[in-house]
Amino acid sequence: MNYSADDIVIVHCDIFTCFGAGIEPAWEALKQNRHGFVPLARRIDTESLSSCYGALAPELDKVNSPSDYLLDYAARSAAKFSSDRTALWVGTTVGEIEYLHNPERRCTSDSLLEKAAEKFNIADARCLSAACASSNMSLCRAGAALRAHKCDCAVVYAVDFVSEFTASGFLTLKAMTTGNCARPYDKQRSGILLGDGAGVVVMTRAETARKMGYEVLAKVSAWGMSCDAGHITSPQEDGNFLAEAGRKMLERARVFPEDVGAVIGHGTGTYHNDIMEIKALKKLFFRPVPLFSTKGSTGHTLAAAGVMQTAAAVMMLKERVIPPQTSISDPEEGAQEMVSDRIRTLDKPRIIAMNAGFGGLNAALLYEGAALS
């Protein structure tokens, strides 16, 4: 691919999910239509959650501090990108939630940011907590900083794991299904299931990638954000604001909707989100576009959802395939021509990743493959 000097490119991507360390185990599960949901009772000993499920990583059940374990993994993965001109974005919803009752009464996101800056050895660090859109918004802000030459390398670390705090919260909101799997875009969907997740994405300008000899995994062509500010937890059902984030992104990239090969949707498996997202996609595209969500396989990883999408996009562009939608059996009205229970060919190497978060937050990014000229 012939990049211009200021094009934003991904030079490193790694994740940790219920399937373990690395992209490959999660990618294989996606392609094989497998999920990682197990009873929450394996980790959380409360009667109210005894019948619930989550995508739990066995490794996290064996450690005292899941947030420390995941941070150590990510920092080791991206160690070579630390420099005086590297900036760090940390995306999280609840931070080090296992330390909620700390004697200093510190904000758990503040303490996570402090540790992350030390572990990654990056002084220029900030935390962005934008609910389920945290990592996609962090990627957007990091891309903007690179484009403005405020840094030469941007590291985005996002993390959340299944805890009594988060599980109880979604159960109280009646957003969590009591079934043993999540069913994004399916008529029989009844709510989300949470998942353990962390990921690190490193971006730089193409000029820097060439100079440093970094392998380019994908190009981040453009991004768009919006906020409807309509309700603290429910999305605006017409999908206008999510579609607006997508329109901004495509306009900035100078890409027509028909040139997009697939969408990695937010796809939580709740009634309101999936309906809103289907409406948004119908407003953004003039034809049915291939669609799937990672959450049917890895669960909803909250702030880490965007880096899960980034990892999936990198692999989709590499192998030129679109994974099946895990656990789909009866697609929701309007999604029948977009989702599939089978692997499909990625005909056009451009992928949109979309997130919608509490508070009406929306973020969309456009990834392009190395085969483009």
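The structure contained in this document is the topic of the report that follows.

Procedures and definitions
Residues numbered from 1 in each chain as written. Predicted model: local features only at pLDDT ≥ 70, side-chain atom pairs only at ≥ 80, totals over all residues. Heavy atoms only, no water. Helix = DSSP H or I, 4+ residues; strand = E, 2+ residues; numbered from the N terminus. Buried < 20%, exposed > 50% of the residue type's maximum accessible area, 1.4 Å probe, protein only. Polar contact = N/O pair within 3.5 Å; in protein donor to acceptor, adjacent residues only side chain to side chain. Contact = heavy atoms within 4.5 Å. Expected span 1.5 Å × (residues − 1). Axes fitted to C-alpha atoms, helices over the stretch in contact; angles between N-to-C directions. Parallel < 35°, antiparallel > 145°, perpendicular 65-115°, else oblique. Left-handed = near helix turned anticlockwise from the far one by under 90°. Nonpolar A, V, L, I, M, F, W, Y, C, P; charged D, E, K, R; others polar.

## Points about the side chain of serine 340
Summarising the element assignment, serine 340 is placed in the loop between strand 12 (321-322) and strand 13 (344-345). With relative accessibility at 17%, the residue serine 340 sits in the buried group. Of the polar contacts made by the side chain of serine 340, one reaches the backbone nitrogen of arginine 342; its length is 3.0 Å. Once residues lying within four places of it in the same chain are set aside, the contact partners of serine 340 are Pro324, Gln325 and Ile328.

## A short note on the environment of arginine 126
Structurally, the position occupied by arginine 126 is in strand 6 (residues 124-128). A sequence separation of 37 residues divides arginine 126 from tryptophan 89, and the C-alpha atoms of the two residues are 5.3 Å apart. Not counting residues within four places of it along the chain, the set of residues in contact with arginine 126 comprises Ala87, Leu88, Trp89, Val90 and Leu113. Within polar-contact distance, the side chain of arginine 126 engages the side chain of aspartate 124 at 2.6 Å.

## Looking at the side chain of serine 77
Here serine 77 is to be found in helix 2 (residues 66-77). Separated by 2.9 Å, the side chains of serine 77 and aspartate 14 make a polar contact.

## Let's talk about helix 4 (residues 134-147)
Between its first and last C-alpha, helix 4 extends 20 Å over 14 residues, near the 20 Å set by a 1.5 Å rise per residue. Burial analysis of helix 4 places 11 of its 14 residues in the buried class, the great majority of the element. Among all positions in helix 4, only Ser134, Ser135, Asn136, Met137, Ser138, Leu139, Cys140, Ala142, Gly143, Ala145 and Leu146 are buried. Positive phi appears at histidine 149, one or two residues downstream of helix 4, with a value of about 60°.

## Here we look at the packing of helix 2 against helix 3 (residues 108-120)
Between two packed helices, both the angle of their axes relative to each other and the distance between the axes serve to describe the pair. Interhelical geometry of helix 2 versus helix 3 gives an angle of 30° and a closest axis separation of 9 Å. Overall, the two elements helix 2 and helix 3 adopt an arrangement that is roughly parallel. As for the relative orientation of helix 2 and helix 3, their crossing is right-handed in sense. Packed against helix 2, whose contacting residues are Asp68, Leu71, Asp72, Ala74 and Ala75, the element helix 3 presents Leu112, Lys115, Ala116, Lys119 and Phe120 at the interface. Residue composition of the contact of helix 2 with helix 3, grouped by class: 6 nonpolar, no polar and 4 charged.

Geometry only, nothing functional implied.
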